[in-house]
Amino acid sequence: MNTYEEHISGAKKTQERPVLSECLQYCISNHVSVLLLSELSRLGRNVDDVLSNVKLCKENHLNVYFQKEQLSIFNADGKEHPFLTIFIAVLGTCAEMERENIKFRLNSGKAQFMAKGGKVGRKAGYKKPDEKFQEQYAAVIKQLKKGYPIRMIAVNCGCGISTVQRIKKKFIDNEQDN
């Protein structure tokens, strides 16, 4: 039994979620019979994305069991659940609306905080000097200079894609402009 744990928002598309993509690909290519997910929103918070993932699983006879909803794609007799598409569409829409409500509350709270004079972002003096930054991310800079893809560098060096992009912009792109 394999366990996949993802730390990326379900609001991202499947293509932007490497762990989910890897999990689905593993299950399909190894003919896994059941994929257990904690809840439907783990397949996505966009109805189209969720339905697309469910369709992929149905086409490959991969039964997905959603623990929170106590719902699976196929019944015990192996036939597709008769109301599956309706349930998935409704629950997927709820997940999408929940995501929109979360974004609204966060943005509203941030706006209120800033209206009261609150400051967002890093504290003054937090930023590292360029020399220390270059020293810390020497491996990233080396791979960027060799022309490796950003996602590959992030995986190889154990840092985020945005970190690699920031380093590229600061040290590689600026070098090329001069």
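Values in this document were obtained by computation on a predicted structure and should not be read as measured data.

Chemist: In this structure, what is going on with the sheet that holds strand 2 (residues 63–66)? I would like to understand it.
Modeler: As a general point, the strands of a sheet are linked pairwise by backbone hydrogen bonds and lie either parallel or antiparallel. With mixed pairing, the 3 strands of this open sheet are ordered in space as 1-2-3. Bordering the open sheet on either side are strand 1 (34–37) and strand 3 (71–72), each of which pairs with just one other strand. Here strand 1 runs beside strand 2; their pairing, made up of 4 bridges, is parallel. Within the sheet, the bridge partner assigned to Leu37 lies in strand 2 and is Phe66.

Chemist: When you look at the packing of helix 2 (residues 47–59) against helix 3 (residues 84–115) in this model, what are you seeing that I'm missing?
Modeler: Helix packing geometry: the angle between the two helix axes and the distance between the axes. Between helix 2 and helix 3, the least distance of the axes is 8 Å, while the angle of their chain directions is 145 degrees. Here the hand of the crossing between helix 2 and helix 3 comes out right-handed. Residues Val47, Val50, Leu51, Val54 and Lys58 of helix 2 pack against Leu84, Thr85, Ile88, Ala89, Gly92, Thr93 and Glu96 of helix 3. Residue composition of the contact of helix 2 with helix 3, grouped by class: 7 nonpolar, 3 polar and 2 charged.

Chemist: Is there a simple way to think about the environment of Gln165 in this case?
Modeler: Along the chain, Gln165 falls in helix 7 (residues 161–177). Looking at Gln165, the relative accessible area reads 42%, which means it is partly exposed. As a C-alpha pair, Gln165 and Arg151 span 14 residues in sequence and 9.4 Å in three-dimensional space.

Chemist: What is the right way to read the layout of surface pockets from this model?
Modeler: Computed from the structure, the largest pocket encloses a volume of approximately 510 Å³. Around the largest pocket, the lining is made up of 19 residues, and of these Tyr4, Cys23, Leu35, Leu36 and Leu37 lie nearest the centre. Among the elements of the structure, helix 1 (18–29) and strand 1 are those that each provide at least two residues to the lining of the largest pocket. By residue number, the principal contributor to the lining of the largest pocket is helix 1, which donates 5 residues. Partitioned by chemical class, the residues of the lining of the largest pocket number 12 nonpolar, 3 polar and 4 charged. The computed volume of the second largest pocket comes to approximately 340 Å³. What lines the second largest pocket is a set of 13 residues, and nearest its centre among them are Arg122, Tyr126, Lys128, Phe133 and Arg166. At the level of secondary structure, the elements contributing two or more residues to the lining of the second largest pocket comprise helix 4 (130–136) and helix 7.

Chemist: So what exactly am I meant to see when it comes to the pairing of strand 1 here?
Modeler: A regular strand places its side chains on the two faces of the sheet in alternate fashion. Going residue by residue along strand 1, you find Leu35 and Leu37 tucked away on one face and Val34 and Leu36 left uncovered on the opposite face. Crossover connection from strand 1 via helix 2 to parallel strand 2: handedness right-handed.

Chemist: Honestly, the nonpolar core in this entry has me stumped. Any pointers?
Modeler: One recurring pattern in soluble globular proteins is that nonpolar side chains are buried together. Membership of the largest hydrophobic core comes to 20 residues, with the highest contact counts inside it found for Leu35, Val64, Phe66 and Ile88. Of all the secondary-structure elements, those providing two or more residues to this core are helix 1, strand 1, helix 2, strand 2 and helix 3. It is helix 1 that contributes the most residues to this core, 5 residues altogether. The contact partners of Phe66, leaving out residues within four places of it in the chain, are Leu37, Glu39, Leu40, Leu43, Leu71 and Ile88. Residues Val140, Ile141, Ile153 and Ile172 belong to the second largest nonpolar core, which totals 12 residues.

About the criteria used
- Residues numbered from 1 in each chain as written.
- Predicted model: local features only at pLDDT ≥ 70, side-chain atom pairs only at ≥ 80, totals over all residues.
- Heavy atoms only, no water.
- Pairing = 2+ DSSP bridges.
- Helix = DSSP H or I, 4+ residues; strand = E, 2+ residues; numbered from the N terminus.
- Axes fitted to C-alpha atoms, helices over the stretch in contact; angles between N-to-C directions.
- Left-handed = near helix turned anticlockwise from the far one by under 90°.
- Contact = heavy atoms within 4.5 Å.
- Nonpolar A, V, L, I, M, F, W, Y, C, P; charged D, E, K, R; others polar.
- Buried < 20%, exposed > 50% of the residue type's maximum accessible area, 1.4 Å probe, protein only.
- 1 Å grid on protein atoms, 1.4 Å probe; cavity = no way out; pocket = protein on both sides within 12 Å on 5 of 7 lines; lining within 4 Å.
- Points joined across faces, edges and corners; volume = space filled by probe spheres on them.
- Right-handed = clockwise from strand over helix to strand, strands pointing away.
- Core = buried A, V, L, I, M, F, W, Y, C linked by side-chain atoms within 4.5 Å.

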